[in-house]
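# Structure at a glance
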Amino acid sequence: MRRIKYDATHGPPGLKQFSSHLRQVIWLRNFKLEKLKKYDGKENPENWITLYEIAVQSATGDERVMANYFPVVLNQVGHQWLLGLRENSFNSWEELRQAFIDNFIATCEQLGNKYDLERIWDQKNETLRDYIRRFSDMHLNIPKISHDKAISAFIKGLHFHEALRSKLLCKRPTTVAELLATAKNYANANDAEKLIREDVRGTQQNNQPPRRDDNHSLRRNDNRDHREGWDRRRDHHGDFKGKQPRDNDHEVNTVKHFTGRCDYQEDYNKTLKGPCKLHPKSNHTMEECRVLKSIYTQ
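Because the structure is predicted, anything quoted here is derived from the model rather than measured.

The rules we used
- Residues numbered from 1 in each chain as written.
- Predicted model: local features only at pLDDT ≥ 70, side-chain atom pairs only at ≥ 80, totals over all residues.
- Heavy atoms only, no water.
- Helix = DSSP H or I, 4+ residues; strand = E, 2+ residues; numbered from the N terminus.
- Contact = heavy atoms within 4.5 Å.
- pLDDT = per-residue confidence, 0-100.
- Core = buried A, V, L, I, M, F, W, Y, C linked by side-chain atoms within 4.5 Å.
- Buried < 20%, exposed > 50% of the residue type's maximum accessible area, 1.4 Å probe, protein only.
- 1 Å grid on protein atoms, 1.4 Å probe; cavity = no way out; pocket = protein on both sides within 12 Å on 5 of 7 lines; lining within 4 Å.
- Points joined across faces, edges and corners; volume = space filled by probe spheres on them.
- Nonpolar A, V, L, I, M, F, W, Y, C, P; charged D, E, K, R; others polar.
- Phe/Tyr/Trp six-rings, centres within 6.5 Å; stacked < 30°, edge-to-face > 60°.

Let's shift gears to the overall build of the protein chain. Of regular secondary structure, the protein chain possesses twelve helices and two strands. Pairs at least 24 apart in sequence give 61% of the contacts found in the protein chain among residues at least 6 apart.

In structure tokens form, the structure reads like this:
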């Protein structure tokens with residue numbers, strides 16, 4: 001603890017906006033506030049200054065310490081306001097605190113309301129997880145909104161996920177936590193079905209017969225080879241006119257068309273018996289996955 005010496009003519013050091021009485025502060029040795037974000041004019045000033053008071057008190061500082069250290073935790077917008085005031089504007093911490101709140105309460109970012117939450121709709125190409133994330137972020141910025149209004153806004157915003165909307169209307173959740181849990185489980189089920197479809201589609205592509213263009217290319221190459229062989233025989237045997245080609249000279253190699261049917265059920269069963277796509281580090285199969293079972297049994 002140390003007291004700063006000063007002469008009686010100029011008074012204690014510090015901002016001239018503080019009275020001489022308020023500037024008479026006893027600083028604790030190595031006084032410093034840790035992990036306190038400077039005020040930038042966007043946050044609610046009353047909430048922010050409450051956190052500042054708690055931080056100073058935890059460092060065993062009194063109200064004079066709060067007032068004199070206050071300029072250190074302000075950003076540029078705060079400095080412009082404080083330094084633009086007349087001298088001896090504040091004689092106590094309470095006067096400074098109230099003036100700070102009154103000045104920034106109207107310009108700070110205001111919290112949302114239920115109408116802002118109702119404007120959150122899912123987009124056409126947006127995933128369900130992204131919609132849940134946007135809705136949750138907005139819900140956190142709306143204080144004292146009832147569970148019923150928040151649930152109604154979420155269901156109303158489901159324009160491109162009709163199956164989930166029907167499920168929530170049939171069995172309406174009672175809390176926002178229950179709502180978000182149901183929606184996340186539904187999103188997990190969609191991801192699992194997508195993985196299964198992609199796995200089955202990849203198996204089907206491997207079992208597909210050669211395309212018609214590939215067969216046509218093969219036949220064209222075979223005909224070219226046949227003509228080149230005919231020309232070589234003609235050069236070696238002189239005048240080939242009047243001779244009949246052998247029966248196998250005009251044979252063309254063809255590729256047999258695939259006439260079998262893909263056993264989609266067998267591919268689906270292989271996927272279920274294979275390793276779990278949701279938990280690749282585990283040892284259980286897709287069929288044994290408890291998460292999938294809980295989703296499909298709801």
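Of the residues in the protein chain, 74% reach a pLDDT of 70 or more, and the chain-wide mean stands at 79. Least confident of the elements in the protein chain is strand E1 (residues 2-3), whose mean pLDDT is 50; most confident is helix H4 (residues 93-104), at 94. Long-range and interchain partners of residues 3-10, a stretch whose pLDDT sits below 50, account for nine contacts in this model, where long-range means more than four residues apart.

This brings us to the nonpolar core. Trp48, Ile49, Tyr52, Phe70, Trp93, Leu96 and Phe100 are the most contacted members of the largest nonpolar core, which has 28 residues in total. Sorting the residues of this core by element identifies helix H1 (45-58), helix H2 (63-69), helix H3 (76-83) and H4 as the ones contributing at least two each. Discounting residues that sit within four places of it in the chain, Tyr52 has contacts with Leu33, Leu36, Val65, Met66, Tyr69, Phe70, Val73 and Trp93. Membership of the second largest hydrophobic core comes to 22 residues, among which are Leu128, Ile132, Ile145 and Ile155.

This brings us to the layout of surface pockets. Here the largest pocket defines a volume of roughly 200 Å³. In this structure, the largest pocket is lined by Glu126, Thr127, Leu128, Arg129, His161, Ala187, Asn190, Asp191, Lys194 and Arg197. Mapped onto the lining of the largest pocket, the elements with two or more residues apiece are helix H6 (128-140) and helix H9 (176-207). When residues in the lining of the largest pocket are grouped by element, the largest group, five residues, is from H9. For the lining of the largest pocket, the class distribution of residues is two nonpolar, three polar and five charged.

Going through the model one piece at a time under the given rule, you end up with 21 aromatic pairs. Ring geometry for Tyr39 and Phe104: centres 5.3 Å apart, planes at 75 degrees, overall edge-to-face. With Tyr39 in the loop between strand E2 (26-27) and H1 and Phe104 in helix H4, this pair connects stretches of sequence that are 65 residues apart. Owing to a relative accessible area of 0%, Tyr39 belongs among the buried residues under this scheme. The buried category is assigned to Phe104, whose relative accessible area is 3%. Here the aromatic cluster, defined as three or more aromatic residues joined through ring pairs, consists of Phe18, Tyr39, Trp48, Tyr52, Phe70, Trp81, Phe90, Trp93, Phe100 and Phe104.

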